[in-house]
Amino acid sequence: MRFGFRENFALHLLEGNTRRSFSASGQVLSSRGFHWLCGVVGLALLLPGLHAAEETLSKEEIASAVITQDVTIPTPGEFFAAMDKKGQPNWTQIFAPRPPAATASRDQMALMLGLLVADGYIAVEAQDGQGVKNVGKDIINLAKKLNVSQSVLGRGNSISDFAENNDWSALREELEATQNEVKLSMVEQKDNDLVILVTIGAWIRGTQVASAFIEKNYTPELAGLLRQPAIVEYLLGEVDRLPEKMRSQPLILELRAKLAAILPVVETKKRAPLTPEAVVELSSAMSSLVESITVGSKEL
Amino acid sequence: MKTALALLFTVGILSAQEVAPPAETVTTRSRALELAGAFANDGYKIRDGFWSGTLEPGKPQFLQVNLFAGNEYWFSVASLVPTAKLSVGVFDESGLPVQGEVFQDGATAAAGVIADASGKYFIRLEVAEGDKAEFCLVYSYK
C-alpha cells in the first residue's frame, strides 16, 4: 500500500493548491498561512513514518466510541466510490430521479430531501451536469418549503456553478455541505427531529441503488459492501428516539418496520458478504421505502 | 528530489519563523482541512462533516465510523496547541489495529488505511505527549 503522503503534501504546497475544497468550510488558506504551512511541512518531511498502534481496544473503549451523524454515517458518494472499484455501474442508466411529490408532511419532505441528496451523488457519478443542476433546484425548493435559512439557498448557486464547470469532485463536497447546512438550519429552527430523517433518506436511496445493482450483478465482493449492521442499528435507535407523535405516522411506522426487518439481513457473521437472497430482500425493502417516501405511505 | 525537499525545509523554517498566520483566522477545523487538503492531489475527497472536542493527556477518545471495503481513507486531526503531540489510530470492529500509514507532526496527525472489509471501524485519538488540547478530525476517502 502506498499513499505517498509526504510527496503529495509537498506537491500540494508547491503547487500553491490552497484548497478549492475549503469551500466546504468557507475557509481559505492565505498566502501567509501558506508560508507558515511550508514551515510545518519542512519539519514533517524529516520525520520518519510511524506505525499504527499495536494494542487491541478494550470492550470499554469500544463501548465509549462516539457516534456522530455527520461523520459516522458515510455519504452515498463513499458507497458509490467503493462500488466503482468492484463493478462498473452504468450510472447514466441508474440515474432516474423522481420529482418530489407535493406533500404537507414535514417528515416526508425531510426524507425526500435525503433521497434528493443521494440522487445528486448519482448524477455526479453519471457526470450529468444538467441532472445535478435539476436535483440541486429540487433540493433548494424542498428546503424552502421547510423554511431553512437563506444561507442554504446560496448552496444552490454553488451546485449550479460547479455543475457548469464539470467539477465533479467539488460537487460531491458541495452536496454534503448543502445537506449539512440544511440540517444545521433545521436545528436552529428547533426542527431537530427532522435531521435524522434527511440522513435516513439519503442512506435509503444510496442502499436502494447499490442493492438493485448488486442484485443484477452479484459478486461476493460487491455484496460485502451492503454489510452495514452498525448503520441500521444506529438509524433504528434514532427513529425510536423520535417523539411519539412522529413515530405514530404511517410513513415513520413503515420506515421503522423495514429497518428492523433488514437488520438481520445486513448483519452477517465473520464479515461475510450478503447472500444473493439477502441482497434481493434488501433491494425489495429499500425500493418499497423509496416508493413510500416519494408518493406517501400506505397504512400498515 | 532531495534538493527540493531541503529547499522546502529551509524556506519552511524561515517562513515559519517570520510569518505566522493570525490566530483569529485559524481554527482547529481549518488546520485539519489544511492537512487533509494534502491528499486532494491524490484524488481523495474530503468529508464536510467533522468531529471536534477536547483531548486530555492519558484519556484517549474514540469515534465509530463505517468504511467500505476497497476504499482508501485518511483521518486527519489537528489542534492549535503547539505543545500537544496528537496521534491517530484505526481499529477494526473487533478492536484490532488496522495497519496503514501514520503521519505525526506535533499538533497535527493523520492515519491512512485501506478498508479490507465493509463495516464498523474505530478511530482512536490521543495526546501522545503534552497538554490538553481542543481538536478537530476530518476524513477523506477515494
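Residues numbered from 1 in each chain as written. Chains lettered and ligands numbered in written order. Predicted model: local features only at pLDDT ≥ 70, side-chain atom pairs only at ≥ 80, totals over all residues. Heavy atoms only, no water.

S.K.: How should I be thinking about the overall build of chain B in this particular structure?
M.R.: In terms of helices and strands, chain B carries two helices and nine strands. Along chain B, helices and strands appear, N-terminal first, in the series α-α-β-β-β-β-β-β-β-β-β. Considering only intrachain contacts with a sequence separation of at least 6, the fraction spanning at least 24 residues in chain B is 79%. Here chain B displays about 5,100 Å² of accessible surface, and carbon together with sulfur accounts for 54% of that area. (Helix = DSSP H or I, 4+ residues; strand = E, 2+ residues; numbered from the N terminus. Contact = heavy atoms within 4.5 Å. Areas by Shrake-Rupley, 256 points an atom, 1.4 Å probe, with all protein chains shown as cover.)

S.K.: Looking at this model, I keep getting lost on helix H2 (residues 28-37) of chain B. Mind explaining?
M.R.: Each full turn of the α-helix corresponds to 3.6 residues, which orients residues three or four apart in the same direction. Taking burial as the measure, the 10 residues of H2(B) include 10 buried ones, the bulk of the element. Inspection of H2(B) places Thr28(B), Arg29(B), Ser30(B), Arg31(B), Ala32(B), Leu33(B), Glu34(B), Leu35(B), Ala36(B) and Gly37(B) among the buried residues, and these make up the whole buried set. (Buried < 20%, exposed > 50% of the residue type's maximum accessible area, 1.4 Å probe, protein only.)

S.K.: When you look at unusual backbone geometry in this model, what are you seeing that I'm missing?
M.R.: Only a minority of non-glycine residues have a phi that is not negative, and only a minority of peptide bonds are not trans. With a phi angle near 50°, Lys270(A) is a residue other than glycine that sits in the positive phi range. Within the secondary structure layout, Lys270(A) lies in the loop between helix H15 (250-266) and helix H16 (276-295).

S.K.: Would you mind going over the pattern of salt bridges with me for this structure?
M.R.: Two side chains that carry opposite charge are able to pair once their charged atoms sit near each other. Tallied over the full model, the rule gives 22 salt bridges over all chains. Close ionic contact of Glu174(A) with Arg155(A) constitutes a salt bridge, the shortest N to O distance being 2.8 Å. One end of the pair, Glu174(A), is in helix H10 (residues 168-188); the other, Arg155(A), is in helix H9 (residues 150-164), and 19 residues separate them in sequence. For the residue pair Glu174(A) and Arg155(A), the accessibility class agrees, reading buried in each case. For Glu129(B), the salt bridge is made with Lys85(B), and the minimal N-O distance between the two is 3.6 Å. With Glu129(B) in strand E8 (residues 119-129) and Lys85(B) in strand E5 (residues 85-92), this residue pair connects regions lying 44 residues apart in the sequence. Through salt bridges with shared partners, a single network forms among Arg227(A), Arg271(A), Glu93(B) and Asp116(B). (Salt bridge = Lys/Arg side-chain N within 4 Å of Asp/Glu carboxyl O.)

S.K.: Before we go on, may I ask you to explain the packing of helix H7 (residues 106-125) of chain A against helix H8 (residues 129-145) of chain A in this structure?
M.R.: Each pair of packed helices gets described by two things: the angle between the helix axes and the distance between those axes. Residues and elements named next belong to chain A. Here H7 crosses H8 at 165°, and the two axes come no closer than 9 Å. Relative to H8, the element H7 is oriented roughly antiparallel. As for the relative orientation of H7 and H8, their crossing is left-handed in sense. Where H7 abuts H8, its residues Arg106, Met109, Met112, Leu113, Leu116, Val117, Asp119, Gly120, Ala123 and Val124 lie against Gly131, Val132, Val135, Asp138, Ile139, Leu142, Ala143 and Lys145. (Axes fitted to C-alpha atoms, helices over the stretch in contact; angles between N-to-C directions. Parallel < 35°, antiparallel > 145°, perpendicular 65-115°, else oblique. Left-handed = near helix turned anticlockwise from the far one by under 90°.)

S.K.: I'm lost on the pairing of E8(B) in this one. Help?
M.R.: In regular strands, side chains alternate between the two faces of the sheet. All names here are of chain B. Note: strand E3 (residues 61-67) against E8, seven bridges, orientation antiparallel. Among the inter-strand pairings, Asn66 is bridged to a residue of E8, identified as Lys120. The sheet contact formed by E5 and E8 spans eight bridges and is antiparallel. Residue pairing across strands places Leu86 opposite Val127, the latter belonging to E8. (Pairing = 2+ DSSP bridges.)

S.K.: Help me understand the nonpolar core, please; the structure alone is not making it clear to me.
M.R.: If you look at soluble globular proteins, the nonpolar side chains tend to sit buried side by side. The biggest cluster of nonpolar side chains holds 112 residues, and the ones touching the most others in it are Leu197(A), Leu255(A) and Phe75(B). The residues touching Phe75(B), leaving out its near neighbours within four places in the chain, are Val65(B), Leu67(B), Val88(B), Val90(B), Ala109(B), Ala110(B), Ala111(B), Val113(B), Ile123(B), Leu137(B), Val138(B) and Tyr139(B). Counting residues in hydrophobic clusters, the runner-up holds seven residues, among them Ala32(B), Ala36(B), Ile46(B) and Ala78(B). (Core = buried A, V, L, I, M, F, W, Y, C linked by side-chain atoms within 4.5 Å.)

S.K.: Please explain the packing of aromatic side chains as it appears in this structure.
M.R.: Describing an aromatic ring pair means giving the distance of the ring centres and the angle of the ring planes. Residue and element names in this part refer to chain B. Per the counting criterion, the structure on display carries nine aromatic pairs over all chains. Relative to Phe135, the ring of Trp51 has its centre 5.0 Å away and its plane inclined at 75°; by these criteria the two rings are edge-to-face. Of this pair, Trp51 sits in strand E2 (residues 51-55) while Phe135 sits in strand E9 (residues 133-141); the two residues are 84 residues apart in sequence, bridging distant segments of the chain. Side by side, Trp51 and Phe135 carry an identical accessibility label, which is buried. (Phe/Tyr/Trp six-rings, centres within 6.5 Å; stacked < 30°, edge-to-face > 60°.)

S.K.: Just checking my understanding: could you explain H16(A) for this structure?
M.R.: All names here are of chain A. Compared with the 28 Å implied by 1.5 Å per residue over 20 residues, the 29 Å span of H16 between its first and last C-alpha is a close match. Residues of H16 that are buried include every one of Ala278, Val279, Leu282, Ser283, Ala285, Met286, Leu289, Val290, Ser292, Ile293 and Thr294, and no others. On the buried face of H16, the contacting elements are H7, helix H11 (192-216), helix H12 (220-224) and H15. A positive phi of about 105° marks Gly296, the residue just after H16. (Expected span 1.5 Å × (residues − 1).)

S.K.: Explain the confidence of the model for chain A here, please?
M.R.: Per-residue confidence for chain A averages 82 on the pLDDT scale, and 80% of its residues sit at or above 70. Contacts of residues 9-52 of chain A to residues separated by more than four positions or lying in other chains number 96 contacts, the stretch itself having pLDDT below 50. (pLDDT = per-residue confidence, 0-100.)

S.K.: Would you explain the sheet that holds E8(B) in this entry?
M.R.: Whenever strands of a sheet pair, they do so through backbone hydrogen bonds, lying parallel or antiparallel. Residue and element names in this part refer to chain B. Spatially, the three strands line up as an open sheet ordered E3-E8-E5, and their pairing is antiparallel. Strands with a single pairing partner mark the edges of an open sheet, and in this sheet they are E3 and E5. Each adjacent strand pair in this sheet contributes to an overall mean axis angle of 25°, direction not counted.

S.K.: Mind showing me how you'd approach the confidence of the model for chain B here?
M.R.: As a note on interpretation, predicted positions should not be read in detail where pLDDT is low. All names here are of chain B. Mean pLDDT over chain B works out to 84, with 82% of the residues at or above the 70 mark. Across chain B, element-level confidence peaks in E3 with a mean pLDDT of 97 and bottoms out in helix H1 (residues 2-18) with 38. When the criterion is pLDDT under 50, residues 1-25 qualifies, and its contacts beyond four places in sequence or with other chains add up to 28 contacts.

S.K.: How should I be thinking about the packing of H7(A) against H15(A) in this particular structure?
M.R.: Residue and element names in this part refer to chain A. As a packed pair, H7 and H15 sit with axes 9 Å apart at the nearest point and diverge in direction by 45°. It follows from the interaxial angle that H7 and H15 lie oblique. For the pair H7 and H15, contact is made by Asp107, Gln108 and Leu111 and by Leu251, Ile252 and Leu255, respectively. Residues that form the contact of H7 with H15 fall into these classes: four nonpolar, one polar and one charged. (Nonpolar A, V, L, I, M, F, W, Y, C, P; charged D, E, K, R; others polar.)

S.K.: What am I meant to see in the environment of Leu63(B) here?
M.R.: With respect to the secondary-structure elements, Leu63(B) resides in strand E3. For Leu63(B), a relative accessible area of 0% puts it in the buried group. Expressed as a C-alpha distance, the spacing of Leu63(B) and Gly49(B), which sit 14 residues apart in the sequence, is 13 Å. Among all residues touching Leu63(B), those that are not within four sequence positions of it are Ala65(A), Val66(A), Thr68(A), Val71(A), Thr72(A), Trp51(B), Tyr121(B), Phe122(B), Ile123(B) and Leu137(B).

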